[in-house]
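Per-entry structural report
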Amino acid sequence: MQNKIKMIPLAGAIAMAFAFAGPVSAQEVITIGQVSPLTGPNAHIGKDNENGATMAIEELNAKGTKIGGKPVKFVLASEDDASDPKQGTAAAQKLVDAKVKGIIGHMNSGTTIPASKIYHDAGIPQISPSATNPKYTQQGFDTAFRVVANDGQLGGTLGRYAINTLKAKNIAVIDDRTAYGQGVAEEFTKSAKKAGGTIVATQFTNDKATDFNAILTSIKSKNPDLIFFGGMDAVGGPMLRQMDQLGIKAKFMGGDGLCTTELAKLAGAGLKDDQVVCAEAGGVPDAGKAALEAFKVAYQKRFNQEVVIYAPYEYDALMTMVAAMEKAGSSDPKKYLPELAKIHYKGVTGEISFDPKGDIKDGSLTLYTYKDGKRTLLTVTK
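Below is a summary of the structure that appears in this document. (Residues numbered from 1 in each chain as written. Predicted model: local features only at pLDDT ≥ 70, side-chain atom pairs only at ≥ 80, totals over all residues. Heavy atoms only, no water.)

1. Some details on the sheet that holds strand S11 (residues 276-280)
Taken together, the seven strands give an open sheet; going across it, the order is S8-S7-S9-S10-S11-S14-S15, and neighbouring strands pair in mixed fashion. Where the open sheet ends on each side, the last strands, each with one partner, are strand S8 (198-204) and strand S15 (374-381). Strand-to-strand, the axes of this sheet are offset by a mean angle of 25°, without reference to chain direction. Examined bridge by bridge, strand S14 (residues 365-371) and S15 share seven bridges and lie antiparallel to one another. Along S15, the bridge assignment pairs Thr369 with Thr376. (Pairing = 2+ DSSP bridges. Helix = DSSP H or I, 4+ residues; strand = E, 2+ residues; numbered from the N terminus. Axes fitted to C-alpha atoms, helices over the stretch in contact; angles between N-to-C directions.)

Rendered as structure tokens:
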């Protein structure tokens, strides 16, 4: 007997397909934007930030997160700003046009500040995991937040530490003329002077420079106890190499842009034990270290590398944003923004809540030095 094959009309097949696809199509897709430098000299830090966001997205999807009682799927839209303000605003506009529900980024203050107006005008919440220039949250944008301390806290703490703990008296200051580098150097200078230090030299470079012999030779003649550098590790590392070549024995201090696990590789033989003191614009007291260490272990397993610096803060920034969506029962920026402004979230980097400007409340700082090429904890302070 010949088998008869039952044919289903095309219209019926389409209807059946939609019937089977019902539960899948009901799942809301929530796209969150992430911007950091994925090319250029700061790409190693930018990729670290992106990895932190990726871990958050994967974790949220794996546990089956629901918003307003409905299952959702999170997607990360990652853009490269190359630490360039013009590219940063172009990336911001691209994500706004794509109608993302929120922004995690940017990494640098110099890209975060101009991009923040674009997000504000579109009503899209933005949490930076690492931009520290105070101007970012002083613009009056209710969409702008950060999960790290600002340069006022960072530079101020380093200035006091330089004078009171390191006993520096004569200090040279170099900055890279970026919004971040200039900002943290200015705050450091104010604090060091107030604590009784003397600024014997002020020099400038740029964020792509590789030759510092002229400014370092000029500084050497002033015989400083300490050199403060406002800038990133990609410039600070080679600067340490050239200090060593010129026989400059001064302590070297910088902010979070300098304070990475990559500095030893970038500085090579120029990095001496206990010579560098730097600060991460965040910090976890002893009681909260277990969660942070667990994150670092998971990061190493996922990406086969150590955390460079701000991946945990990027992870927490994204998780905090989603916690606000959960509280609001909606991923609509207009609906969850009020919840974000009053959020209390316990992250791997500590308790996260924001003041009226969008700065993290009661932000901590972590001071480090380097021994045997490894970043070594000095203290967590406020």
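2. Here's the deal with the state of the cysteines
In the structure shown here, the tally under the stated rule is one disulfide. Covalently, Cys259 is tied to Cys278 through a disulfide, its sulfur atoms 2.2 Å apart. Taking the sign of the S-S torsion, 65° for the link of Cys259 and Cys278, the bridge is right-handed. With Cys259 in the loop between strand S10 (251-254) and helix H9 (263-267) and Cys278 in strand S11, the pair connects residues that are 19 residues apart, well separated along the chain. (Disulfide = S-S within 2.5 Å.)

3. Brief notes about helix H7 (residues 213-220)
Ile215, Leu216 and Ile219 are the residues of H7 that are buried. Down the axis of H7, the sector holding all buried residues measures 95°, keeping them to one side. Next to the buried residues of H7 lie strand S7 (170-175), S8, strand S9 (226-230) and helix H8 (233-245). (Buried < 20%, exposed > 50% of the residue type's maximum accessible area, 1.4 Å probe, protein only. Arc of directions from axis to C-beta. Contact = heavy atoms within 4.5 Å.)

4. Concerning helix H11 (residues 311-328)
For H11, which comprises 18 residues, the first-to-last C-alpha distance of 26 Å matches the rise-based estimate of 26 Å (1.5 Å per residue) to within 8%. Downstream of H11 by a residue or two, Gly329 has a phi angle that is positive, lying close to 70°. (Expected span 1.5 Å × (residues − 1).)

5. Observations regarding the packing of helix H10 (residues 289-303) against H11
It is at 10 Å that the axes of H10 and H11 come closest, and there the two elements cross at 105°. On the basis of the axis angle, H10 is roughly perpendicular to H11. Note on element contacts: H11 touches H10 through Ala311, Pro312 and Tyr315, opposite Leu292, Phe295 and Tyr299. The residue makeup of the contact of H10 with H11, split by class, is six nonpolar, no polar and no charged. (Parallel < 35°, antiparallel > 145°, perpendicular 65-115°, else oblique. Nonpolar A, V, L, I, M, F, W, Y, C, P; charged D, E, K, R; others polar.)

6. Regarding the pattern of salt bridges
Summed over all chains, the structure comprises 14 salt bridges. When the shortest N-O distance is used, the salt bridge between Glu58 and Arg302 registers 2.7 Å. Residue Glu58 is found in helix H2 (residues 43-62), and its partner Arg302 is found in helix H10; the two are separated by 244 residues along the sequence. On the accessibility criterion, Arg302 (40% relative accessible area) is partly exposed. (Salt bridge = Lys/Arg side-chain N within 4 Å of Asp/Glu carboxyl O.)

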